[in-house]
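One letter stands for each residue in the lines below.
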Amino acid sequence: MKYLLFLAFCLTLQMCSQVKKPEISQQKNATTMENSTTQKENPYYSRTDRTKLNVPNSEWKKILSPEVYAVAREADTERPGTGKYNQFDELGEYYCVVCGNHLFRSDSKFSSTCGWPSFFEADKEGVAYKRDSSYGMERTEVLCKRCDSHLGHVFNDGPPPTGTRYCMNSVSLDFVPDSQVANNK
Ligand SMILES: [Zn+2]
């Protein structure tokens, strides 16, 4: 009997020591999901729908940030060397920041010294061209084919295989890394 009591005593001790293990935090994951939506209230944004949009600037002004609006809708140019995709070589896809239309693949991006992200090839379904004679220069403006937003200009001094240089504003681009593209499929 004594032995049994002793055994019970030992078991109780053991249980107590287990219960007393420190309760390690389980509250750590609460804040990790926050920035998952990069696009705020933009009903026109789609990475799959390529239907032409005809949205007036008065509407875009309500949706886009002032910085994006100035470049994309008023053909402003970001200062050279300041864009987030200028010195950037991750693998993934580039979309129009205004409407989500696919524009470039990272494979066609090259290191250029001009101060803006540069590509030697664009998605033919993604971009459109327009003659631009502003500032006393003859240039070819590159626009998003879906929403007509200004992206940058294209020149004939690019590297092989195309010899073309798409000189883009980072502000107009929305980059999605390959890992995220795969997850969305
Ligand atoms: Zn667009």
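Residues numbered from 1 in each chain as written. Predicted model: local features only at pLDDT ≥ 70, side-chain atom pairs only at ≥ 80, totals over all residues.

**As for the nonpolar core**
It is characteristic of soluble globular proteins that their nonpolar side chains tend to be buried jointly. By size, the foremost hydrophobic cluster in this structure holds 28 residues, and its most contacted members are Cys96, Val98, Leu103, Val127, Cys144, Leu151 and Met168. Secondary structure elements with two or more residues in this core: helix H3 (66–74), strand E1 (92–96), strand E2 (102–105), strand E6 (139–144) and strand E8 (165–168). Excluding residues within four positions of it along the chain, methionine 168 makes contact with Trp116, Pro117, Phe119, Leu151, Gly152 and Leu173. (Core = buried A, V, L, I, M, F, W, Y, C linked by C-beta atoms within 7 Å. Buried ≥ 20, exposed ≤ 12 C-beta atoms within 10 Å, placed from the backbone. Helix = DSSP H or I, 4+ residues; strand = E, 2+ residues; numbered from the N terminus. Contact = placed C-beta atoms within 7 Å.)

**Some points on the pairing of strand E7 (residues 150–155)**
As paired strands, E6 and E7 are joined by four bridges and run antiparallel to one another. Its bridge partner being in E7, threonine 140 is matched across the sheet by valine 154. The turn joining E6 and E7, which pair antiparallel and follow one another in sequence, is formed by five residues; a positive phi near 65 degrees is taken by aspartate 148. Of the pairings in the sheet, the one linking E7 to E8 comprises four bridges and is antiparallel in character. (Pairing = 2+ DSSP bridges.)

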